[in-house]
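Report on the structure
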Amino acid sequence: MASVLVVEDDPVIRAALIEVLTGHGYAVRTTHQGFEALREITQRPPDIVVLDLGLPDLDGLDVLRMIRGISRLPVLVATARDDESEIIRLLNAGADDYLVKPFSGGQLAARLAAVLRRSMPADVTAARRPVLQVADLRVDPTARTAHLGGRELPLTRREFDLLAYLADHADQVVTRQRILAEVWQQPYLEDQTVDVHLSALRRKMGEKPRNPRYLRTVRGLGIKLVSSP
């Protein structure tokens, strides 16, 4: 049974999340404050954290950054902030996934399960996967590192998964729905989920918006990571 720490200040929402997650087989602990959440993570680490941003003592984004300073625990952010720049900030700060309020209990449970699957240690098959080399881009699935021109890219877990998938399918046009199905394992999500992570990847890789070297959008079809200019 996986354990979830729910960090939510609204008692009504907190009670609803306890009911939903318990019904899906999770062991649930809760807190309504950021400092208390950090203490819980330090003393009794859960398997995953559901983090609300509107906390009474600390901004949730600051709590996320503090969590990343002490732990690699998976964190799913529950937020009412749905603009792209805010989502990019959350992902860059270390969020593994996010849900925009309001959301259903079933969607939350499915997202948690997917994040937990991705955070599990690599199995034997994954350990045998070769290093992916695409021009100056080097992606190591075993070490979960990516280097461009010898410089390590500071990628979040989800950004790495996306880049590794595209590198493994270099020079192929991959649709957003296929990416959602095979990387996120949740084909019902919106295409914006992929675009947000692509935007972050392009920025970290130093891609030029009008003339990207590697990550190219094929209008009406999908995304392609190209091996040559």
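Here we summarise the structure given alongside this text. What you are looking at is a predicted structure, and each value in this text was computed from that prediction instead of being measured. (Residues numbered from 1 in each chain as written. Predicted model: local features only at pLDDT ≥ 70, side-chain atom pairs only at ≥ 80, totals over all residues. Heavy atoms only, no water.)

Details of the packing of aromatic side chains
Keep this limit in mind: Planes of paired rings set the category: under 30 degrees apart is stacked, over 60 is edge-to-face and the rest tilted, where pairs are Phe, Tyr or Trp rings (Trp by its six-membered ring) whose centres lie within 6.5 Å. Definition used: whenever NZ (Lys) or CZ (Arg) falls within 6 Å of the ring centre and also within 35 degrees of the ring normal, the charge is taken to sit over that ring.
Across all of its chains, the model carries zero aromatic pairs by this definition. Lying over the aromatic face of tyrosine 214, arginine 213 brings its terminal NZ or CZ to 4.1 Å of the ring centre.

Some points on the sheet that holds strand β1 (residues 3-7)
What counts here: Pairs of strands are assigned from DSSP output, requiring at least two bridges between the strands. Strands here mean DSSP runs of E at least two residues long; helices mean DSSP runs of H or I at least four residues long; both are numbered from the N terminus. To get an axis, fit a line to the C-alpha atoms, keeping to the stretch in contact for a helix; angles then go from 0 to 180 degrees between the N-to-C directions.
Pairing is parallel in the open sheet, where five strands are placed in the order β2-β1-β3-β4-β5. Each having just a single partner strand, β2 (27-31) and β5 (97-100) make up the two edges of the open sheet. Each neighbouring strand pair of the sheet contributes to a mean axis angle of 20°, computed without reference to strand direction. Taken together, the four bridges between strand β4 (residues 75-79) and β5 define a ladder with parallel strand orientation. Bridging from a neighbouring strand, threonine 79 pairs with valine 100 of β5.

Structural notes on the nonpolar core
Test applied: Residues enter a nonpolar core if they are buried and are Ala, Val, Leu, Ile, Met, Phe, Trp, Tyr or Cys, with the set joined through side-chain atoms within 4.5 Å. Throughout this description, buried means an accessible area under 20% of the type-specific maximum (1.4 Å probe, protein chains only), exposed means over 50%, and partly exposed covers the range between. Any two residues having at least one pair of non-hydrogen atoms within 4.5 Å are treated as being in contact.
Leu137, Val139, Leu163 and Ile179 are the most contacted members of the largest nonpolar core, which has 28 residues in total. The greatest single-element share of this core, amounting to seven residues, is contributed by helix α7 (residues 157-168). Excluding anything up to four places from it in sequence, leucine 163 contacts Leu137, Val139, Ala146, Leu153, Leu155, Leu201, Met205 and Leu225. In this structure, Leu5, Leu64, Ile67 and Ile88 belong to the second largest nonpolar core, which totals 25 residues.

Points about the side chain of threonine 31
Quick note on the threshold: Pairing of N or O atoms within 3.5 Å defines a polar contact, subject to two protein rules: one partner must be a possible hydrogen donor and the other a possible acceptor, and residues neighboring in sequence count only if both atoms are side-chain atoms.
On the secondary structure map, threonine 31 appears in strand β2. Take threonine 31: its relative accessible area is 2%, and that puts it in the buried class. At 3.4 Å, the side chain of threonine 31 forms a polar contact with the backbone nitrogen of glutamine 33. Once you skip the residues sitting within four places of it in the chain, threonine 31 turns out to touch Leu5, Val6, Val7, Glu8, Arg14, Glu36 and Ala37.

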